[in-house]
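Structural features, examined
Given next are the chains, with one letter for each unit.
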Amino acid sequence: QVQLVESGGGLVQPGGSLRLSCATSRKIFGINAMGWHRQAPGKERELVATFTNDGRTNYADSVKGRFTISRDNAGKTMYLQMNSLKPEDTAVYYCNIRTITLDDYWGQGTQVTVSS
């Protein structure tokens, strides 16, 4: 069973930065997409940033120019660099990996709170 473990969340002031990490328990083969999602209180989970299987990146309009998704060469750790954070970025952030066989792996989530 593959496990994804997020870390790096916390409390930050508006305009600040955080870097989230998502570590996998083992290398996953046949990845179709991998990325970050978030869920704010009372709202549905939404896509934040993803890698597609051809290596392209996609970002939600609300985070373009502020967030950057990346991964290590071994393909076992994914990152989300978040700059110029706003209060509306407050949410639980989840990493996700979907394989070509449509297996979906999710982490347990990490809380990001942006507040002065």
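Residues numbered from 1 in each chain as written. Predicted model: local features only at pLDDT ≥ 70, side-chain atom pairs only at ≥ 80, totals over all residues. Heavy atoms only, no water.

1. Topic: the packing of aromatic side chains
Evaluated as defined, the whole model comprises one aromatic pair. Taken together, a centroid distance of 6.5 Å and an interplanar angle of 85 degrees make the contact between Tyr94 and Trp106 edge-to-face. Of this pair, Tyr94 sits in strand E9 (residues 91-99) while Trp106 sits in strand E10 (residues 104-106); the two residues are 12 residues apart in sequence, bridging distant segments of the chain. We classify Tyr94 as buried; its relative accessible area is 14%. Owing to a relative accessible area of 34%, Trp106 belongs among the partly exposed residues under this scheme. For the cation-ring pair, Arg45 lies above Tyr94, with the distance from its terminal atom to the ring centre recorded as 3.8 Å. Across from the ring centre of Trp106, 4.7 Å away, lies the NZ or CZ of Arg45, which sits over that ring. (Phe/Tyr/Trp six-rings, centres within 6.5 Å; stacked < 30°, edge-to-face > 60°. Helix = DSSP H or I, 4+ residues; strand = E, 2+ residues; numbered from the N terminus. Buried < 20%, exposed > 50% of the residue type's maximum accessible area, 1.4 Å probe, protein only. Lys NZ or Arg CZ within 6 Å of the ring centre and 35° of its normal.)

2. Quick word on the pattern of salt bridges
Here the structure, examined in full by the defined rule, presents six salt bridges. Between Arg38 and Glu46 there is a salt bridge; the shortest N-O distance is 2.6 Å. Residue Arg38 is classed as buried on the basis of its relative accessible area of 5%. Residues Asp104 and Arg98 are paired through a salt bridge, measuring 2.7 Å at the closest nitrogen-oxygen approach. Residue Asp104 is classed as partly exposed on the basis of its relative accessible area of 34%. Each of Arg38, Glu46, Arg66 and Asp89 takes part in one network of salt bridges that share partners. (Salt bridge = Lys/Arg side-chain N within 4 Å of Asp/Glu carboxyl O.)

3. Digging into the environment of Trp36
Here Trp36 is to be found in strand E4 (residues 31-39). Its relative accessible area of 0% is what places Trp36 among the buried residues. Taking the C-alpha atoms as reference points, Trp36 and Gly107, 71 residues apart in sequence, are found 9.8 Å from one another. A polar side-chain atom of Trp36 sits 3.3 Å from the main-chain carbonyl oxygen of Tyr79. (Polar contact = N/O pair within 3.5 Å; in protein donor to acceptor, adjacent residues only side chain to side chain.)

4. With respect to the sheet that holds strand E1 (residues 4-7)
Strand order in the open sheet formed by four strands is E1-E3-E8-E7, with antiparallel pairing between adjacent strands. A strand with exactly one partner marks an edge of an open sheet, and here the two such strands are E1 and strand E7 (67-71). Within the sheet, the average angular offset between the axes of one strand and its neighbour, ignoring direction, is 15 degrees. Pairing of E1 with strand E3 (residues 18-24), which is carried by four bridges, proceeds in the antiparallel orientation. Residue Leu4 lies in a different strand from E3, and its bridge partner there is Thr24. (Pairing = 2+ DSSP bridges. Axes fitted to C-alpha atoms, helices over the stretch in contact; angles between N-to-C directions.)

That's the geometry; what it means functionally is another story.
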